[in-house]
Amino acid sequence: MHISENLSGVYVLDFFGETRMATRPKVPVPVYGERIAEGLRIWDPRRSKLAALLIKSWLAGGLGDLVKMLNLRPDSKVLYLGAATGTTVSHVSDLLSSGLVYAVEFSPRSMRDLFSLCQSRDNIIPLLEDASLPERYAPFLEPVDLVYQDVAQRNQAQIACRNAALYLKSGGALVLMIKARSVDVTADPKDVQKAEIERLEGVEVISVSDLRPYYQDHWAVVARRRDQA
Ligand SMILES: C[S@@+](CC[C@H](N)C(=O)[O-])C[C@H]1O[C@@H](n2cnc3c(N)ncnc32)[C@H](O)[C@@H]1O
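Residues numbered from 1 in each chain as written. Predicted model: local features only at pLDDT ≥ 70, side-chain atom pairs only at ≥ 80, totals over all residues. Heavy atoms only, no water.

Visitor: An account of the site of the ligand is needed here, citing residue identities and associated values.
Guide: Near the ligand there are 15 residues, and of these Y80, T88, E105, A131 and Q153 occur at the shortest range. For the ligand, a nitrogen atom lies 2.8 Å from a polar atom in the side chain of D130. In isolation the ligand offers 600 Å² of accessible surface; the protein chains occlude 84% of this area. Of the residues in the shell around the ligand, the class split is 5 nonpolar, 5 polar and 5 charged. (Near = heavy atom within 4 Å. Polar contact = N/O pair within 3.5 Å; in protein donor to acceptor, adjacent residues only side chain to side chain. Areas by Shrake-Rupley, 256 points an atom, 1.4 Å probe, with all protein chains shown as cover. Nonpolar A, V, L, I, M, F, W, Y, C, P; charged D, E, K, R; others polar.)

Visitor: Which residues make up the packing of aromatic side chains, and what values do they have?
Guide: Under the counting rule described, the total for this entry stands at 3 aromatic pairs. With a centroid separation of 4.8 Å and 70 degrees between ring planes, the pair formed by F15 and F16 is classed as edge-to-face. Exposure remark for F16: the relative accessible area of 68% places this residue in the exposed category. When the ring of Y137 is compared with that of Y167, the centres are 5.8 Å apart and the planes differ by 25 degrees; the resulting orientation is stacked. Of this pair, Y137 sits in the loop between β8 (124-128) and β9 (144-149) while Y167 sits in helix α5 (residues 156-167); the two residues are 30 residues apart in sequence, bridging distant segments of the chain. Y137 gets classed as buried once you look at its relative accessible area, which sits at 0%. The aromatic ring of Y215 is capped on one face by K49, whose charged end is 5.4 Å from the ring centroid. (Phe/Tyr/Trp six-rings, centres within 6.5 Å; stacked < 30°, edge-to-face > 60°. Buried < 20%, exposed > 50% of the residue type's maximum accessible area, 1.4 Å probe, protein only. Helix = DSSP H or I, 4+ residues; strand = E, 2+ residues; numbered from the N terminus. Lys NZ or Arg CZ within 6 Å of the ring centre and 35° of its normal.)

Visitor: Give a description of the UniProt feature "binding site: S-adenosyl-L-methionine" (unreviewed entry) in the protein that names residues and reports values.
Guide: Under the local residue numbering, the UniProt record ascribes the feature "binding site: S-adenosyl-L-methionine" (unreviewed entry) to T87, T88, E105, F106, D130, A131, D150, V151, A152 and Q153. From the list above, the second largest pocket is lined by T87, T88, E105 and D150. By the element assignment, T88 lies in helix α3 (residues 87-95). Excluding anything up to four places from it in sequence, T88 contacts W43, R47, S48, K49, L50, Y80 and Y148. Take Q153: it is sitting in the loop between β9 and α5. Among all residues touching Q153, those that are not within four sequence positions of it are F106, I159, S182 and V183. (UniProt positions renumbered as here; feature names shortened; annotations may be inferred. 1 Å grid on protein atoms, 1.4 Å probe; cavity = no way out; pocket = protein on both sides within 12 Å on 5 of 7 lines; lining within 4 Å. Contact = heavy atoms within 4.5 Å.)

Visitor: Let's hear about helix α7 (residues 189-198): which residues, and what values?
Guide: All of the buried residues in α7 are P189, V192, Q193, E196 and I197. Along α7, the residues classed as buried sweep out an arc of 130 degrees about the axis, all on the same side. The inward-facing, buried residues of α7 contact α5, β10 (168-179), α6 (180-183), β11 (203-210) and β12 (218-225). The opening residue of α7, the one whose side-chain oxygen lies 2.9 Å from the backbone nitrogen of K190, is D188. (Arc of directions from axis to C-beta.)

Visitor: Go over the pairing of β10 with me, naming the residues and quoting the values.
Guide: Looking along a regular strand, one sees side chains alternate from face to face of the sheet. Alignment of β9 against β10, held across 5 bridges, turns out to be parallel. Along β10, the bridge assignment pairs L146 with A173. You can see the chain leave β9, run along α5 and come back into β10, and the turn it takes is right-handed. The sheet contact formed by β10 and β12 spans 7 bridges and is antiparallel. Counted as the bridge partner of L176 is V221 from β12. (Pairing = 2+ DSSP bridges. Right-handed = clockwise from strand over helix to strand, strands pointing away.)

Visitor: Can you lay out the sheet that holds strand β5 (residues 40-43) for me, pointing to particular residues and giving the numbers?
Guide: As summarised here, the arrangement of the 5 strands in space is β1-β2-β3-β5-β4, forming an open sheet in which the pairing is antiparallel. Both outer strands of the open sheet, β1 (2-7) and β4 (36-37), are each paired with one neighbouring strand and no more. By the bridge criterion, 3 bridges tie strand β3 (residues 18-23) to β5 in an arrangement that is antiparallel. Residue M21 lies in a different strand from β5, and its bridge partner there is W43. Packed onto the sheet, helix α1 (residues 49-59) meets β1, β2 (10-15), β3 and β5 and runs at close to 125 degrees relative to β3. (Axes fitted to C-alpha atoms, helices over the stretch in contact; angles between N-to-C directions.)

This is the structure we're talking about:
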């Protein structure tokens with residue numbers, strides 16, 4: 001295994017001939033069956049859209065800019081919408097030694113697994129809530145540096161905007177994973193992606209990345225919250 005880079009805790013590796021991202025946990029224990037090598041958790045791009053986005057950015061020469069844009073610093077605060085059982089949340093948690101991840105998930109079944117992940121990590125706050133009703137979790141939240149959303153809902157852009165408007169710091173980053181088929185199964189996925197991006201309000205779109213070959217008809221939109229007047 002050869003480590004090429006460590007950008008704010010995002011390691012870039014050559015792992016058996018393939019480019020992989022990895023993170024360094026406090027305790028090197030697998031969360032979702034991922035490989036552990038030299039104390040690093042290998043971040044599977046087929047299980048995590050964020051890993052897919054990071055690999056694609058690295059291959060395009062833009063990983064450093066992306067990591068900076070996403071505010072992936074040790075003390076960052078992240079609002080994560082659609083946490084599921086915590087696959088990607090666990091890697092974000094590794095990156096934030098003194099920060100916090102607020103992990104919103106509305107499925108009680110997934111929350112049960114997420115909750116057990118939280119027993120071994122002190123920087124994840126699990127919230128059994130609906131991301132489309134963001135006012136409900138206001139009592140538990142503080143302004144965040146990054147809103148990350150992966151919820152596979154028809155109104156993905158609207159959910160992202162409402163959360164960003166309430167919780168994202170001015171200049172903070174929004175990452176919206178668009179799954180075109182969740183918005184409309186019949187329409188051309190590319191048209192759906194464009195329409196969702198046009199629905200984004202209050203943010204400036206910085207980049208749009210196609211997540212193939214890892215995910216079909218998925219795009220990662222990176223945006224920055226505009227300064228409030
Ligand atoms: C594709 S999975 C997320 C995978 C996860 N982001 C990861 O990479 O580990 C989508 C998750 O979003 C959750 N979800 C969908 N709509 C939601 C909503 N309105 N509020 C909260 N969670 C939601 C689903 O229950 C599901 O667990």
